[in-house]
Each structure stands twice: as C-alpha cells, then as structure tokens.
Amino acid sequence: MICDFPTRSSRGDEALTFSYLKTNESPHVVSCKAERGRAFAASLRAKIARASLADCKLCAHECGVNRLIGEQGLCHAGATANIFSAQIEVSDELELIPTFAIALSGCDLRCSFCITGKESWNPRAGKNLNLPALAERAVQALDEGARTIMILGGEPTIHLPTALEIVAALPDEPKLVWKTNAHASAQARELLHGIFDVWLADYKFGNDTCAQRLALVPNYNQIVQENLLWANENSELIVRHLVMPGHVECCWRPIAEWLGENLPQVKINLRSGFWPAWQAGKHSELRGTTTSLETDLATKIARDYNLNLVE
Amino acid sequence: MKSNFTIQGEVLILPDGKILAHNITPEIAAILSALDPQNKLMRQRAAKTRRSANK
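In this report, we go over the structure that sits alongside the text.

Reading the values: the criteria
The residue numbers shown here count from 1 along each chain, following its written sequence. Whichever chain is written first is A, and whichever ligand is written first is 1; the rest continue in order. It should be noted that, the model being predicted, local features are given only for residues of pLDDT at least 70 and side-chain atom pairs only at 80 or more, the latter also being counted only at that level, while totals for whole chains, interfaces and linings use all residues. Numbering of helices and strands starts at the N terminus; helices are DSSP runs of H or I of at least 4 residues and strands are runs of E of at least 2. Once C-beta atoms are placed from the backbone, each residue is buried if 20 or more other C-beta atoms lie within 10 Å of its own, exposed if 12 or fewer, and partly exposed for counts between those two. A residue pair is marked as a contact if its C-beta atoms, positioned from the backbone, fall within 7 Å. Starting at the helix axis, one direction is taken to each C-beta atom, and the arc is that of these directions. We define a nonpolar core as a collection of buried residues of the types Ala, Val, Leu, Ile, Met, Phe, Trp, Tyr and Cys that are connected via C-beta atoms lying within 7 Å of each other. Strand pairing requires that DSSP identify at least two bridges connecting the strands. To obtain an axis, a line is fitted to C-alpha atoms, over the contacting stretch when the element is a helix, and the angle between two such axes runs from 0 to 180 degrees between their N-to-C directions. With respect to orientation, any angle under 35 degrees is reported as roughly parallel, any angle over 145 as roughly antiparallel, any angle of 65 to 115 as roughly perpendicular, and every other angle as oblique. Each crossing is labelled by how the near helix is turned from the far one, with a counterclockwise turn of less than a right angle marking it left-handed and a clockwise turn marking it right-handed. Gly is put with the polar residues, along with every residue not named as nonpolar or charged; the nonpolar set is Ala, Val, Leu, Ile, Met, Phe, Trp, Tyr, Cys and Pro, and the charged set is Asp, Glu, Lys and Arg.

**Digging into the overall build of chain B**
Then, in step 1: For chain B, the helix and strand inventory stands at two helices and two strands.
Then, in step 2: Written out in order from the N terminus, the α and β elements of chain B read β-β-α-α.
Then, in step 3: Within the span of chain B, comprising 55 residues, buried residues form 25% of the whole.
Then, in step 4: Long-range contacts, defined here as pairs at least 24 residues apart, represent 0% of the contacts in chain B between residues at least 6 apart.

**Notes on helix H7 (residues 208-215) of chain A**
Residue and element names in this part refer to chain A.
Then, in step 1: Those residues of H7 that fall on the buried side of the exposure criterion are Cys210, Ala211, Leu214 and Ala215. Looking down the long axis of H7, one finds its buried residues gathered within 100° of arc, a one-sided arrangement.
Then, in step 2: Elements that come into contact with the buried residues of H7 comprise helix H8 (220-234) and helix H9 (248-262).
Then, in step 3: Looking one or two residues beyond H7, the residue adopting positive phi is Leu216, at roughly 55°.

**Describing the nonpolar core**
Then, in step 1: Ranked by size, the top nonpolar core spans 107 residues in total, and within it Phe100, Ile102, Leu164, Val167, Ala201, Leu228 and Val239 of chain A carry the most contacts.
Then, in step 2: Ignoring anything within four residues of it in the chain, the contact list for Val239 of chain A reads Ala201, Tyr203, Leu228, Leu259, Leu263, Val266 and Ile268 of chain A.

**Let's talk about the environment of Val248 of chain A**
All names here are of chain A.
Then, in step 1: Within the secondary structure, Val248 is located in helix H9.
Then, in step 2: Val248 gets classed as buried once you count the C-beta atoms within 10 Å, which come to 22.
Then, in step 3: For the pair formed by Val248 and Gly206, sequence separation is 42 residues and the distance between their alpha carbons is 9.2 Å.
Then, in step 4: In contact with Val248, other than residues within four places in its own chain, are Val243, Arg253, Glu294, Leu297 and Ala298.

**Looking at the sheet that holds strand E7 (residues 236-242) of chain A**
Across a sheet, strands are paired by hydrogen bonds formed along the backbone, either parallel or antiparallel in direction.
Residues and elements named next belong to chain A.
Then, in step 1: Spatially, the nine strands line up as an open sheet ordered E3-E1-E2-E4-E5-E6-E7-E8-E9, and their pairing is mixed. Each edge of the sheet is formed by a strand with only one pairing partner; in this case those strands are strand E3 (127-128) and strand E9 (308-309).
Then, in step 2: With two bridges connecting them, strand E1 (residues 82-89) and E3 associate as antiparallel partners. The partner of Ile83 across the bridge, within E3, is Lys127.

**Examining the packing of H9 of chain A against helix H10 (residues 292-304) of chain A**
Residues and elements named next belong to chain A.
Then, in step 1: Two elements in contact, H9 and H10, have axes whose closest approach is 9 Å; the angle formed by their N-to-C orientations is 20°. Between H9 and H10, the angle falls in the class roughly parallel. The interaxial crossing formed by H9 with H10 has right-handed handedness. Here H9 contributes Val248, Trp252, Arg253 and Ala256 to the contact with H10, which in turn contributes Glu294, Leu297, Ala298, Ile301 and Ala302.
Then, in step 2: Of the residues that constitute the contact of H9 with H10, the class distribution is seven nonpolar, no polar and two charged.

**Some remarks on the interface of chain A and chain B**
Then, in step 1: The interface of chain A with chain B comprises 23 residues on the first partner and 23 residues on the second.
Then, in step 2: Listed by contribution, the elements that provide at least two residues to the side of chain A that touches chain B are E1 and helix H4 (131-143) of chain A.
Then, in step 3: When residues in the side of chain A that touches chain B are grouped by element, the largest group, five residues, is from E1 of chain A.
Then, in step 4: Partitioning the side of chain A that touches chain B into residue classes produces nine nonpolar, eight polar and six charged.

**Digging into unusual backbone geometry**
All names here are of chain A.
Then, in step 1: Cis geometry is found at the peptide bond from Ile97 to Pro98, where omega equals -5°.
Then, in step 2: Inspection of the secondary structure assignment puts Pro98 in the loop between E1 and strand E2 (99-104).
Then, in step 3: With an omega of 15°, the peptide bond running from Gly153 to Gly154 counts as cis.
Then, in step 4: With respect to the helices and strands, Gly154 occurs in the loop between strand E4 (148-152) and helix H5 (160-168).
Then, in step 5: Positive phi values are uncommon outside glycine, yet His76 reaches one of about 65°.
Then, in step 6: Within the chain, Ala182 stands out as a residue other than glycine whose phi angle is a positive 60°.

**With respect to the pairing of strand E2 (residues 19-22) of chain B**
Residue and element names in this part refer to chain B.
Then, in step 1: Where strand E1 (residues 10-13) meets E2, four bridges bridge the pair, whose relative direction is antiparallel. Residue pairing in the sheet places Glu10 in a bridge with His22 of E2.
Then, in step 2: A loop of five residues connects E1 with E2, the two strands running antiparallel in sequence, and Gly17 in this loop sits at a positive phi of about 90°.

**Regarding the packing of helix H2 (residues 38-52) of chain A against H5 of chain A**
Residue and element names in this part refer to chain A.
Then, in step 1: Viewed as axis vectors pointing N to C, H2 and H5 meet at an angle of 160°, and their least axial separation amounts to 7 Å. Classed by the angle they form, the pair H2 and H5 counts as roughly antiparallel. Considering only the axes of H2 and H5, their crossing is left-handed. Of the residues in H5, those touching H2 at Arg38, Ala39, Ala42, Ser43, Arg45, Ala46, Ala49 and Arg50 are Leu160, Pro161, Leu164, Glu165, Val167 and Ala168.
Then, in step 2: Among the residues making up the contact of H2 with H5, the classes are represented as nine nonpolar, one polar and four charged.

In structure tokens form, the structure reads like this:
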C-alpha cells in the first residue's frame, strides 16, 4: 500500500496496491507518512513512477520499454521531461481560469491535426525542467491571480514521474488540473489517484476507425471510456470534445450518446475552434475549419442527449 | 523571478474575419475582447483576468 493521504474531498481513502513498488520505504512506513499531504504523497509516488520507467506501461500502449536506459516506445520519450510552455492562460473552462499551465513535451498519440504538433510529437522539444524555478513561478502565478495549476502536454501521462515531482514541489492548497487525452493505463491511474482535483479529459474520436486513421491509436474508445469512468469516480471530471469538420456524425454523435448514458451529470465542453494545424492537410476533410452548420448540429446533438454543457 | 519561457499564444484570422486562438494569455484575451466586444465568452475570459489581477 502506498501513500493514502487526506484530500479535501471524500476521495482518496482506499488502499492502493503496487506490485512494482520499488522505493526503499516499506509500504507500512509509506502509509504512515502519508498524512503529511499531497506534496509528500506525490513525492513518494514519483519515485515509484520513475522506477516504473524500466518497464514503461504508463499509457495504454503499454510498450514495456526500459526508458531508463534509453529505449523508446511509441511516444519516443526518454526518462526526463522537457517543458515547452509555462504561463498563465485563460483559454480553458471559465471555472478553471486563469490557470498556470505547464506543458510537457511529447505525447503517446499522433493526432495529425494537433495544434501543438511540433512539441507534442517531439518529447525533446522545449527546455529542460528546472523544478525549483518552475515551482517558484507557479507560486508567483497564484499570487498574480491564477486560480488553478494545470499540467498538460503533449500528454502528461507519459511523463508521470516528472508530473508528480512538480506536484511534490508545489504547495498543497492550489487546485490542480490534469489535462489529458484519457489514454492512461491502469498503472498510471493508480499513481494519479487523489493527486489532481480535476481531470480535464479530451474525448476526440467517437469510433475506432477515425481514431486509427487520424491519431494512429487502436482500441481508442474502450480505453478512453475506462479512463473517463475512473476519473469521474475519483476526481472532478470535465470532458472536452473538439468538433472536427466532417466528424460530427461519426465522432461527436456516438460520444454524446455514450456520455448521455454513462456520465449524464458530467460537465462537457464542446469546443468549436478547430484549427487546421500541423499535418491536418493529409486528410481532406480537415483542411478547413468547422462550419457554423456543423457547430449548430453538434450543439443540437448535445442538447438531444441532455448533456451538461459548460464553457 | 523571470520565466524561462517566452510567453506565447497563437491567433489565426480567417478570410471571413473569424478569429481563432489558442493558448490565450490574459494579454491576448484583452486584445481579442477589444476587437470583438460582442464576443461574450472572450469578454468573460478577459474579465476574469482583470478580476484576478485586482484581488
């Protein structure tokens, strides 16, 4: 069992079992120390997460490569993380902004339309992490009025050790947001349990054919749905969907139907600002933006399924 | 402390005048809100920034 710790909500009080526990602390000691708060818990879990890079199964690809000796899986990430942006932003959900957004380079998906493709497809983009300086900047951002601290990517799951080390360097009080593609493994979810207050999760594709064609990811829907259901049980969850041109019926409608049936109270942000970025031009339907007709239809579908839309 | 990163956001103006933006910083929100005062959502984003700054 590792680091059960009190959180501000009722979650986070169940025992966690890690067969790959590799810290020097005995489980009992770890558990007893856990009352010291989120940062302390994150520091313990960071050690476990870093050890797990020897057989990396943090994302649902579960490549099993040894990132500690330079082997690379589908994300091409090494043992350390780079950061390509760390700044106050107001792009996200109104209830979360201003947020201090920390963006880690690299991702386990290959979305051809990725708006940060250059950094998301290259885990070595950006700059080396300077943890004390970043933590200082985050605290300064809170002083300047940031309401939350958000860790994102690329995809932060592939850099879970670093993400937890960042949390360990932060004060316990700020609301933390985990902005994710919801393609995490069960192992990653265990390590994340109770650490982040909000999971802000993208649900991009409503069928596995589009997911494979546009992001080179198999079995997408089952994995994302597993993650969303888990996140809803263990944190606050906000689900995002970016309306893509030509994909309202094949992608958004089945997503909306599933959300309506399985997560009826969850906040949904339907984003309409598709931007034909990165390699979107490889796909004829993604060479433009969404039309107003598509945006209106997407909104109507959301209402048909009584989704809880937020901005 | 000064940030190690260049503050960045991106704005795309389409031929029909529609404006798309991502990584919107408070400064960009203020500009976009001034450009399109009818945009309620951007007005809210800019206002949140002002409110926070005035805390």
